[in-house]
Amino acid sequence: NNNVGIGTSALGGQAGAGSAYNFTAANNVAVGVDALKVATTGANNVAVGSNAGDALTTGSNNLAFGLNAGGAMTNNEHNIILGTNAFTNANLSEFGNIVIGSSAGGSIDDASSHYNVLIGYTAGSGGTGTMVDCVAIGRSAMNSTGSNGVNGTIAIGTSALTGLTSGGGNLA
């Protein structure tokens, strides 16, 4: 299946083992303890770091670099995650996000959260509501949205739009 797993339980320690484990995942690279440890059918994923992508089962085309990066993803696709604890709660099919920075996007947990760019320490980490087509650049930018939906918003700078509770298309 053209997989590479390096580290205790990377790719579940099952690559090529067969037996009762339903392992058809292909073209994955996992480096680190428990990286991609439960991958079953997902393809074209790269996870580097302890627990990076460790819950991913069927998701494909993801890159997760850093301790716990993308740690809750299960069936998510086309996400790029760089940073310790980045995108750690996203487990509901979140799609096409770019998340860079320690704890960036850390609270996102909504199936409709797609196509966001979050760059900076804790950027975009403030809520479980829907986040679509947003850009947050800077430490703590847009990190206090709570359960409020955010759409088409751009926040640039330290703590920009940290108090955002409603509305779409905001710019700060």
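Residues numbered from 1 in each chain as written. Predicted model: local features only at pLDDT ≥ 70, side-chain atom pairs only at ≥ 80, totals over all residues. Heavy atoms only, no water.

## Re the overall build of the protein chain
In step 1: When you go through the protein chain residue by residue, the secondary structure sums to zero helices and eleven strands.
In step 2: Starting at the N terminus and ending at the C terminus, the protein chain contains elements arranged as β-β-β-β-β-β-β-β-β-β-β.
In step 3: Here the C-alpha radius of gyration of the protein chain, 16 Å, is about what a compact globule of 172 residues would show, namely 16 Å.
In step 4: Its C-alpha atoms put the protein chain at 55 × 25 × 20 Å along the principal axes.
In step 5: Split into buried and exposed, the 172 residues of the protein chain put 44% on the buried side. (Helix = DSSP H or I, 4+ residues; strand = E, 2+ residues; numbered from the N terminus. Rg over C-alpha atoms; globule rule 2.2 N^0.38 Å. Buried < 20%, exposed > 50% of the residue type's maximum accessible area, 1.4 Å probe, protein only.)

## Observations regarding the packing of aromatic side chains
In step 1: Evaluation of the coordinates by the stated rule reveals one aromatic pair.
In step 2: A ring pair is formed by F95 and Y115, whose centres lie 5.8 Å apart and whose planes are at 75°; its orientation type is edge-to-face. With a gap of 20 residues between them, F95 in the loop between β5 (80-82) and β6 (98-100) and Y115 in the loop between β6 and β7 (117-119) connect regions that are remote in the sequence. (Phe/Tyr/Trp six-rings, centres within 6.5 Å; stacked < 30°, edge-to-face > 60°.)

## Topic: the sheet that holds β6
In step 1: Pairing within the open sheet is parallel, and its nine strands lie in the order β1-β2-β3-β4-β5-β6-β7-β9-β11. On the outer flanks of this sheet lie β1 (4-6) and β11 (154-156), each paired with one strand and no other. In this sheet, adjacent strand axes meet at a mean angle of 5° when their direction is disregarded.
In step 2: Summarising the sheet, strand β4 (residues 63-65) and β5 pair through three bridges and their orientation is parallel. Residue F65 lies in a different strand from β5, and its bridge partner there is L82. (Pairing = 2+ DSSP bridges. Axes fitted to C-alpha atoms, helices over the stretch in contact; angles between N-to-C directions.)

## Focus on a nonpolar patch on the surface
In step 1: A contiguous nonpolar surface patch, about 740 Å² in accessible area, is contributed by L63, I80, L82, I98, I100, I119, I137, I154, I156 and L171.
In step 2: Where the nonpolar patch is concerned, the elements lending two or more residues are β5, β6 and β11.
In step 3: Within the secondary structure, I119 sits in strand β7.
In step 4: Overall, I119 belongs to the partly exposed group, its relative accessible area being 32%. (Patch = residues over 30% accessible without salt bridge, like charges linked within 9 Å, V, L, I, M, F, W, Y side chains within 5 Å. Areas by Shrake-Rupley, 256 points an atom, 1.4 Å probe, with all protein chains shown as cover. Salt bridge = Lys/Arg side-chain N within 4 Å of Asp/Glu carboxyl O.)

## As for the confidence of the model for the protein chain
In step 1: Confidence in the prediction for the protein chain averages 90 pLDDT; 94% of positions are at 70 or higher.
In step 2: Confidence drops under a pLDDT of 50 for residues 15-20, and excluding neighbours within four residues, the segment shows two contacts in the predicted structure. (pLDDT = per-residue confidence, 0-100. Contact = heavy atoms within 4.5 Å.)

## Quick word on the environment of L92
In step 1: Position of L92 relative to the elements: it lies in the loop between β5 and β6.
In step 2: When the C-alpha positions of L92 and S112 are compared, they lie 8.1 Å apart, and in sequence the two are 20 residues distant.

## As for the nonpolar core
In step 1: L36, I81, F87, V99 and M142 are the most contacted members of the largest nonpolar core, which totals 32 residues.
In step 2: For I81, the residues in contact, after removing those within four places along its chain, are L63, A64, F65, A69, G70, M73, A86, F87 and V99. (Core = buried A, V, L, I, M, F, W, Y, C linked by side-chain atoms within 4.5 Å.)

## Focus on the side chain of N28
In step 1: Checked against the element boundaries, N28 lands in the loop between β1 and β2 (29-31).
In step 2: Not counting chain neighbours up to four residues away, the residues in contact with N28 comprise N2, N3, V4, L11, L36, G42, A43, N44 and N45.

## So, unusual backbone geometry
In step 1: At F87, a position not held by glycine, the phi torsion is positive, near 55°.
In step 2: Following the sequence through the fold, F87 ends up in the loop between β5 and β6.
In step 3: Taking relative accessible area as the criterion, F87 reaches 0% and is therefore assigned buried.
In step 4: One non-glycine residue with positive phi stands out, namely L161, at about 55°.

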